[in-house]
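# Observations on the three-dimensional arrangement
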Amino acid sequence: MNRLLVTGGAGFIGANFVQNAVRTSRVTVLDALTYAGDRRNLETVADDIEFVHGDIGDAELVDRLVKQSDTVVHFAAESHVDNSLGDPAPFIRTNVVGTFNILEAVRRYDVRLHHISTDEVFGALSLDTESRFTEETRYDPSSPYSATKASSDHLVRAWSRSYGIAATISNCANNYGPYQHVEKLIPRHITSVLTGVRPKVYGTGANVREWTHVDDHNAAVQLILQNGRLGDTYLIGSGQERSNKQVTEAILRLLGQAADAYDQVADRPGHDLRYATDSAKLRTELGWIPQYDDFESGLAQTITWYRDHEPWWAAAKQTTEARYARRS
Ligand code: NAD
Ligand code: TDX
């Protein structure tokens, strides 16, 4: 059986990945359990995995765990743009230095690496074009978060070209689904409405994101692990573009509220206008077909999950909203 090391496996996308990966691989999760990591996300597979509570900044620990693996899937990151605007330092430590540690260990032991990244590394598209990011789009990150993810992508490419490590990269559009932290737009809005608070939309709400279900993202990662070309990058995106205003109105409607029962608040500095990917390479070369091709029904399922899992998010909701309030 394939021995898989999953960094950040107690976070949103990593935990969803691990829940499926245990069917075909022996999985070790390395996770620092920051505010964003939660052991409960792995409860259903607790007996099937080895869980290591540790930091990818710890080069010796990374070395030991990579040495005993065939493949590393690297999800661990500081992932929230708003946090990076408040304090970029942990983003440099985890996203840049942590990735460097992974790369050095992978190089030493000739272990296959898949690096998880984001379409935010490409900056923003304008609202009045149909253009989309491709694998060839120039990097142009706007936030400290996306700049550190861009840095990590560059490191992976350099280690691939200079040292010949067996690596692939994927840059995915915005994810949604179960276990997403309540700081992010969709779970923040859902849990606000469920607790009687009006959602907060940054600026006019015209900014557009391409919403990809976490299961579709992880299915793409599996395809890349199986058949991806080493050294290559793959863009992942469902094609389901929605403005923040549309997403907000849909959540309110699905929860039985008036579609305009939200507040517009101060805009995010450097707020990227639009993200959209062209995932033709992944679709044609690797046969990826997103299963969640209707965003509104995926959203309805996600709302049901949050409605049914209040104990999972109630405490994090309080601390997250207190953190947002301190910043505004
Ligand atoms: P998340 O914040 O929910 O989870 C991150 C996980 O990494 C947490 O479990 C956290 O404890 C762990 N972690 C953080 N710092 C660590 C460290 N120093 N050492 C070990 N573990 C550490 O993030 P997510 O939304 O699941 O994102 C996972 C990956 O996918 C990230 O690399 C992110 O950039 C990328 N991505 C996310 C999205 C999205 O919409 N959420 C879209 C595209 C790409
Ligand atoms: O309360 C809010 N109100 C609001 O209008 C929040 C939390 C967000 N927004 C806006 C900002 C963005 O335009 O909604 C959009 C989505 O915001 P986030 O959920 O913070 O996501 P985004 O900044 O687009 O980044 C996400 O997708 C790419 C993930 O957090 C990243 O990890 C991923 O790389």
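Quick summary incoming for the structure in this document. (Residues numbered from 1 in each chain as written. Chains lettered and ligands numbered in written order. Predicted model: local features only at pLDDT ≥ 70, side-chain atom pairs only at ≥ 80, totals over all residues. Heavy atoms only, no water.)

## So, the site of ligand 1
Surrounding ligand 1, one finds 28 residues, the nearest of these being I13, D31, S79, Y145 and K149. Measuring from an oxygen atom of ligand 1, one finds a backbone N or O atom of G11 at 2.9 Å. A distance of 2.7 Å is found between an oxygen atom of ligand 1 and a side-chain nitrogen or oxygen belonging to K149. In the complex, the protein chains occlude 96% of the 830 Å² of accessible area that ligand 1 would expose alone. Every element with two or more residues in the shell around ligand 1 is listed here: α1 (12–21), β5 (112–118) and α5 (144–163). (Near = heavy atom within 4 Å. Polar contact = N/O pair within 3.5 Å; in protein donor to acceptor, adjacent residues only side chain to side chain. Areas by Shrake-Rupley, 256 points an atom, 1.4 Å probe, with all protein chains shown as cover. Helix = DSSP H or I, 4+ residues; strand = E, 2+ residues; numbered from the N terminus.)

## Quick look at the nonpolar core
In summary, soluble globular proteins display a tendency toward joint burial of nonpolar side chains. Judged by nonpolar contacts, the single largest core of 45 residues is most densely connected at F17, V18, V27, L42, I49, V73 and I186. With six residues, the top contributor of residues to this core is α1. Dropping the residues within four chain positions of it, L42 is found in contact with G9, A10, A15, V18, V29, I49 and F51. Ranked by size, the runner-up nonpolar core spans 21 residues in total, among them L5, L30, L113 and I165. (Core = buried A, V, L, I, M, F, W, Y, C linked by side-chain atoms within 4.5 Å. Buried < 20%, exposed > 50% of the residue type's maximum accessible area, 1.4 Å probe, protein only. Contact = heavy atoms within 4.5 Å.)

## Examining the sheet that holds strand β1 (residues 2–7)
With parallel pairing, seven strands are arranged side by side in an open sheet as β3-β2-β1-β4-β5-β6-β11. Only two strands of the sheet have a single neighbouring strand rather than two, namely β3 (49–53) and β11 (233–236). The sheet shows a mean angle of 20 degrees between the axes of neighbouring strands, taken without regard to direction. Taken together, the six bridges between β1 and strand β2 (residues 25–31) define a ladder with parallel strand orientation. Paired with L5 across the two strands is T28, which belongs to β2. Across the sheet, helix α2 (residues 59–67) touches β1, β2, β3 and β4 (71–74), and the angle it forms with β2 is around 175 degrees. (Pairing = 2+ DSSP bridges. Axes fitted to C-alpha atoms, helices over the stretch in contact; angles between N-to-C directions.)

## Focus: the pattern of salt bridges
Summed over the entire model, instances satisfying the criterion amount to 18 salt bridges. Between R242 and E296 there is a salt bridge, with the nearest N and O atoms lying 2.9 Å from each other. Here E296 lies in helix α10 (residues 295–308) and R242 lies in strand β12 (residues 241–243), a separation of 54 residues in the sequence. Across the pair E249 and K245 runs a salt bridge whose closest N-O atoms are separated by 3.1 Å. You can see E249 and its partner K245 sitting in helix α8 (residues 244–254), four residues apart, about one turn around the helix. Using a relative accessible area of 35% as the deciding quantity, one classes K245 as partly exposed. The network of salt bridges with common partners includes R132, E210, E241 and R274. (Salt bridge = Lys/Arg side-chain N within 4 Å of Asp/Glu carboxyl O.)

## Focus: the site of ligand 2
Around ligand 2, a shell composed of 20 residues is seen, among which T118, E120, Y145, R268 and H271 lie nearest. Side-chain polar atom of Y145 to an oxygen atom of ligand 2: 2.5 Å apart, as the coordinates give it. Taking H271, its side chain carries an N or O atom lying 2.6 Å from an oxygen atom of ligand 2. Relative to its unbound accessible surface of 660 Å², ligand 2 loses 94% to contact with the protein. Secondary-structure elements contributing two or more residues to the shell around ligand 2 are α6 (185–194) and β8 (200–202). Ranked by the residues each element gives to the shell around ligand 2, the list is headed by β8, at three residues. A per-class count over the shell around ligand 2 returns seven nonpolar, six polar and seven charged. (Nonpolar A, V, L, I, M, F, W, Y, C, P; charged D, E, K, R; others polar.)

## Focus on helix α4 (residues 89–109)
Taking 1.5 Å per residue as the helical rise, α4 with its 21 residues ought to reach 30 Å, and the 29 Å between its terminal C-alpha atoms agrees with that figure. At G98, α4 shows its largest kink, close to 25 degrees. Immediately downstream of α4, the backbone of D110 shows phi near 55 degrees, a positive value. (Expected span 1.5 Å × (residues − 1). Bend = angle between axes of the 7 residues up to and from the residue.)

## A few points about α10
Compared with the 20 Å implied by 1.5 Å per residue over 14 residues, the 20 Å span of α10 between its first and last C-alpha is a close match. The complete set of buried residues in α10 reads F295, G298, L299, T302, I303, W305 and Y306. One side of α10 carries all its buried residues, which in axial view fall inside an arc of 160 degrees. Buried residues along α10 sit against β7 (175–176), α6, β12, α8 and α11 (310–327). (Arc of directions from axis to C-beta.)

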